[in-house]
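Read off the chains here:
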Amino acid sequence: AFCNYCTVKGLPFDIPQTNTHTIQMNPSLRRTFHLVRRTMSTAPSFPIAAAIQQKLMDELQPTHLDVINESHMHSVPKNSETHFKVVVVAEEFETTKAPLQRHRRVNGILSEELEGPVHALSIVAKSPTQWAKSNAVPPSPTCKGGDGSLPKK
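Now for a quick tour of the structure. (Residues numbered from 1 in each chain as written. Predicted model: local features only at pLDDT ≥ 70, side-chain atom pairs only at ≥ 80, totals over all residues. Heavy atoms only, no water.)

Some remarks on the nonpolar core
Burial of nonpolar side chains together is a common tendency in soluble globular proteins. By size, the foremost hydrophobic cluster in this structure holds 17 residues, and its most contacted members are Ile52, Leu56, Leu60, Val88, Phe93 and Val106. The biggest single contributor to this core is helix α2 (residues 47-60), with five residues. When sequence neighbours within four positions are dropped, the list of residues in contact with Phe93 reads Leu60, Val88, Arg102, Val106, Ala125, Lys126 and Ser127. (Core = buried A, V, L, I, M, F, W, Y, C linked by side-chain atoms within 4.5 Å. Buried < 20%, exposed > 50% of the residue type's maximum accessible area, 1.4 Å probe, protein only. Helix = DSSP H or I, 4+ residues; strand = E, 2+ residues; numbered from the N terminus. Contact = heavy atoms within 4.5 Å.)

Regarding the pattern of salt bridges
One pass over the structure, following the stated rule, counts four salt bridges. Of the charged contacts in the structure, one is a salt bridge between Arg105 and Glu59, with a shortest N-O distance of 3.8 Å. You can see Arg105 sitting in helix α4 (residues 99-109) and its partner Glu59 sitting in helix α2, a full 46 residues away along the chain. Glu92 serves as the salt-bridge partner of Arg105, at 2.6 Å between the closest nitrogen and oxygen. Note that Arg105 is positioned in helix α4 and Glu92 in helix α3 (residues 92-95), a separation of 13 residues in sequence. Assessed through its relative accessible area of 29%, Arg105 is described here as partly exposed. Judged by its relative accessible area of 27%, Glu92 is partly exposed. (Salt bridge = Lys/Arg side-chain N within 4 Å of Asp/Glu carboxyl O.)

Some points on the environment of Phe84
Examined against the element boundaries, Phe84 turns out to sit in strand β2 (residues 83-89). Exposure remark for Phe84: the relative accessible area of 2% places this residue in the buried category. Once the C-alpha coordinates of Phe84 and Ile68 are considered, the two residues, 16 residues apart in sequence, prove to be 5.5 Å apart.

Considering the packing of α2 against α4
When two helices pack together, their arrangement is given by the angle between the helix axes and the distance between those axes. As a packed pair, α2 and α4 sit with axes 10 Å apart at the nearest point and diverge in direction by 120°. Accordingly, the angle class assigned to the pair α2 and α4 is oblique. Where α2 crosses over α4, the two elements pack in a sense that is right-handed. Residues Lys55, Leu56, Glu59 and Leu60 of α2 touch α4, and the partners they reach there are Arg105, Val106 and Ile109. Tallied by class, the residues present in the contact of α2 with α4 amount to four nonpolar, no polar and three charged. (Axes fitted to C-alpha atoms, helices over the stretch in contact; angles between N-to-C directions. Parallel < 35°, antiparallel > 145°, perpendicular 65-115°, else oblique. Left-handed = near helix turned anticlockwise from the far one by under 90°. Nonpolar A, V, L, I, M, F, W, Y, C, P; charged D, E, K, R; others polar.)

Given below as C-alpha cells:
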C-alpha cells in the first residue's frame, strides 16, 4: 500500500514513530524519506510550541494557524521556546472585531504558557474575511536586548 504520509510531493510531513514503516515509492524519494527521517529523529522536540498549537486548535478551531518560534531572534540558548508569534484565523473573530479583545482571547487560552516558559507572544488574529483580503503578516521587531531576565546563550 502507498504511504499516506508521503502523498504531498512524495515527502513525509508526519514522520511515523516506528522503524517498521514500509512505503512504496521510487528509489530517489525513498532515499529522501530516510534522510528526512534520520534528520527529524535527531532534531529536538518542541513541547511548548506543540502545546500552543493544540490549545489554539481546540479552543478556536482556526481555519489557519501558524505557531512560529522566534526565540532564535533573541538572546536565549539554542532551541529555546521563549518567544513566539501566532497567526490565527478563526470564525470567532468575525464577531470579535476589536484587536484587543482578540488578543485577550488568545492570551487567555495560553495563560499557563504565559505564566511560565513563554516570555513574549506576538499575535496576529484575523477573521477569515480579513485573511482573504490580506494574508500579510508583519515582521517581528528586532531584539533590543531584553531586560536580562532570560538565560544567556
